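Observations on chain architecture
Chain by chain, the residues:
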Amino acid sequence: MSDAVVNEAEKDAEVAEAAQKGASANEPILRIVDLHKSFGQTVVLRGIDIDIHRGEVVVVLGPSGSGKSTMLRCLNRLEEPTSGKILFEGQDITDSKTDVNDVRKRMGMVFQQFNLFPHLDALHNVMLAQQKVLGRSAEEAERVAREQLARVGLAERADYYPDELSGGQQQRVAIARALAMEPHVMLFDEATSALDPELVRGVLDVMRELAEQGMTMVVVTHEMGFARDVADRVVFMEGGYVVEEGAPEQLFTNPKSPRTAEFLGSIN
Amino acid sequence: MRSEEKHVNSPTFFEYGRRRGASVLLAVLVFAVALVGALVVPAERAEAMEAVKCTGRPNSEDDPTVIMGATESRITFEASIAEGEGVSSLTLHIPDGTSFSTNDLAVTLLTGDDLMTRNEVDYTESVDGQDLTLEFAEPITQEGHLNILVYEVFFPTEGGEMQLEATYELTDGTEESIEGIPVISVEGISLTESISQWLEEQAWVQAWNSNRFLHLFFDPSLLVTSFPVVLTGFFMSISIVAVAFPLAIPMGLLLALMRISKLRLLRGIATTYVNIVRGTPLFLQIYVAFFGLPLAGIQIPNFILGVTVMCMNSGAYMCEIFRAGILSINKGQTEAARSLGMNGAQTMFYVILPQMFRIVIPNLTSEFIVLYKDTSLLAAVGIMELVMYARTIVASTGSITPYIVAALFYLVITLPLSKVTRHLEDRVRGHRSRKHAVEPEAAAEKGASHE
Ligand SMILES: Nc1ncnc2c1ncn2[C@@H]1O[C@H](COP(=O)(O)OP(=O)(O)OP(=O)(O)O)[C@@H](O)[C@H]1O
Ligand SMILES: [Mg+2]
């Protein structure tokens, strides 16, 4: 990933982002208020409250089955919340009147299993939604796509099909695909969990770079190193609750909850 | 421009000059011949023999007046002989491309006022190429008609106007030709007819046909003659599928989309339709359409109705193929598309359906094979497709061979297609042929568990 190019356009975007941040620094871009979610009898989320500010990187930790993915998927309504509110840029997205597609345009998501479109090459994976959702012309979509592929270090792989790419490369294309929509928030659900260890680095480097450029990110991960280095805040979830949240140094070195300590101990 | 004109003109002048020279020469020759002729040959001697008739024996099974090429026939040639002429020999020039034999050659002199008295003629025959020459033991001096029958005549396959030529020699050594011989019109026969006829005469074919089973199922000459007839039916069957199949695809797709729709009404309609069509025999559906609609006063041309029934039937099967294809696509695809802000329809058309079509191509090919074979059921309602044509020949010949020909016409399509299907299935299961080498890294196949 060292070859990823931070070009002029991105620097401009960074500046714009910073300006936006200044304008509404105190208003969280994303507020999760008392979020509940059950699947039939199974209660998965039991009242989640998290505020995420512009430019902030929030890492969500927690044991398997604690509801991290469910929480993340509620944020762009891939799952319908059972109750509670999700306010995104001041708009309640759980409201039935909200155009969910309009919300999703501004929220990128990266999946554990990449979910690239196998019938399209990397370039067209990145172009498709730009054309269909944002109504960009083919030329513009291609220009943006090439820019984003270069950003994740895959400029040379534009005409490769997903099955011709390694897992790490596929995940980076998936990130480029989300970024091409110019989202205001990026959601990562265990973006590196399906990868072989030697491929994890490349993807994390892209995410790190993205964080440095001021992207607002909600990251579900088991990469403690990434959490420690990159996160502005770490949220620890268990059993459908947020057990503890805080700055990474504090949470990693001096957890308040014994559950957090136990979880961190089991990881190390 | 000028020089060109001049260039064009000059050969014309030259040619004109040449022609003039030729006609002068011709005039001189004619004059010379006329002079010699007037001195030596009396004028009436030229009419010693006159053509009376020249016919071929009709040999068509279908039309009793038609003479066909490449089929056995007989030439009847008759010419009058004037009294006291002394015809010592006669040469018939049989038209080129026509074969004949001297077996059973019959030469008779008909005499008497009514020409009913038959006189044996003593002669020796000789054949030189197309020339059949009769040397008479005694020059014929009697007035009458000389009648000659040539047997085992085979006119050329392609037919045409056959002009026989005849010359005779008188006792004094003068040779004359008989003018005004009528032409024999011969109809050409098709290649398959001639092959079939040729086959019928072959010893091995006769040996083959002496086996009852082989004769009934694999009569070689019938195989050949059925071919063009059944071919007509083949084109009909092909055009039925060629129209019905492409129309069934959008229909099946629409039904599949209705079946997975969130709207209960659409789901209900599609499910009912598919269940009824798949739950009843196609044969019955054909009967209902072909006998029911006319009773209800609805007249639809057979071909259109046939295509419609096939299409509506196939659409139901395709619905299930498409539905299974759509459902087989990983949920992650929909989620990825939706997470990018694409709506349901966009996700379906740009993400799900393109992948679905790749998956279902083998099944669609199988469905095509089924549909093609099922066109045979339309024979029952009188659509002139493959089986129907075969059946008409079977009815007239009593041999099953035409059905075997029909079977070959099915196999010609179904065998290669099922091979293609197998190939496609392998490809769907395995990997698309790659343009680029994959980096030697394991990837996506790893499970979701990370603990
Ligand atoms: N569609 C569903 N239907 C029923 N139960 C579900 C569904 N999705 C998730 N669950 C349940 O919700 C619980 C939380 O799942 P979730 O995927 O959110 O956990 P997670 O924290 O992401 O775990 P992991 O770290 O393993 O990914 C699990 O017990 C799971 O079985
Ligand atoms: Mg998860």
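Because the structure is a prediction, the values reported are computed rather than measured.

Cut-off values and rules
Residues numbered from 1 in each chain as written. Chains lettered and ligands numbered in written order. Predicted model: local features only at pLDDT ≥ 70, side-chain atom pairs only at ≥ 80, totals over all residues. Heavy atoms only, no water. pLDDT = per-residue confidence, 0-100. Contact = heavy atoms within 4.5 Å. Core = buried A, V, L, I, M, F, W, Y, C linked by side-chain atoms within 4.5 Å. Buried < 20%, exposed > 50% of the residue type's maximum accessible area, 1.4 Å probe, protein only. Helix = DSSP H or I, 4+ residues; strand = E, 2+ residues; numbered from the N terminus. Pairing = 2+ DSSP bridges. Axes fitted to C-alpha atoms, helices over the stretch in contact; angles between N-to-C directions. Phe/Tyr/Trp six-rings, centres within 6.5 Å; stacked < 30°, edge-to-face > 60°.

Take the confidence of the model for chain A next. In this model, chain A carries a mean pLDDT of 90, and residues with pLDDT of at least 70 account for 90%. Note on residues 1-6 of chain A: pLDDT is under 50 here. Beyond four places in sequence and across chains, it has 18 contacts.

Let us now look at the nonpolar core. Among the nonpolar cores identified, the biggest contains 91 residues, and Leu-30 and Met-71 of chain A together with Phe-290 of chain B are the most heavily contacted of them. No other element matches helix H5 (residues 220-259) of chain B, which puts twelve residues into this core. Counting 53 residues, the second largest nonpolar core, distinct from the first, contains Val-200, Val-203, Val-206 and Phe-263 of chain A.

With that settled, the discussion passes to the sheet that holds strand E2 (residues 42-52) of chain A. Residues and elements named next belong to chain A. On the basis of which strands lie adjacent, the open sheet formed by four strands has the order E2-E1-E4-E5 and antiparallel pairing. Of all the strands in the sheet, the pair left with one neighbour each is E2 and strand E5 (91-92). Sheet topology places strand E4 (residues 83-88) next to E5; two bridges connect them, and they run antiparallel. Counterpart to Phe-88 in the pairing with E5 is Gln-91. Against the sheet, helix H2 (residues 68-75) makes contact with strand E1 (30-39), E2 and E4, and its axis sits at roughly 120° relative to E1, the strand it touches most.

What follows covers the sheet that holds strand E3 (residues 87-93) of chain B. All names here are of chain B. One open sheet holds the five strands; their spatial order is E6-E7-E3-E10-E11, and the pairing between them is antiparallel. The open sheet is flanked by strand E6 (123-128) and strand E11 (175-177), the only strands paired with a single partner. The average undirected angle you get between the axes of adjacent strands in this sheet is 20°. Summarising the sheet, E3 and strand E7 (residues 131-140) pair through six bridges and their orientation is antiparallel.

Residues and elements named next belong to chain B. According to the stated counting rule, one finds twelve aromatic pairs over all chains in the structure shown. With a centroid separation of 4.9 Å and an interplanar angle of 35°, the aromatic rings of Phe-234 and Phe-409 are classed as tilted. One end of the pair, Phe-234, is in helix H5; the other, Phe-409, is in helix H12 (residues 401-429), with 175 residues separating them in the sequence. The exposure class of Phe-409 is buried, given its relative accessible area of 6%. Grouped by ring-pair contacts, the aromatic residues Phe-227, Phe-234, Phe-235 and Phe-409 constitute a single cluster.

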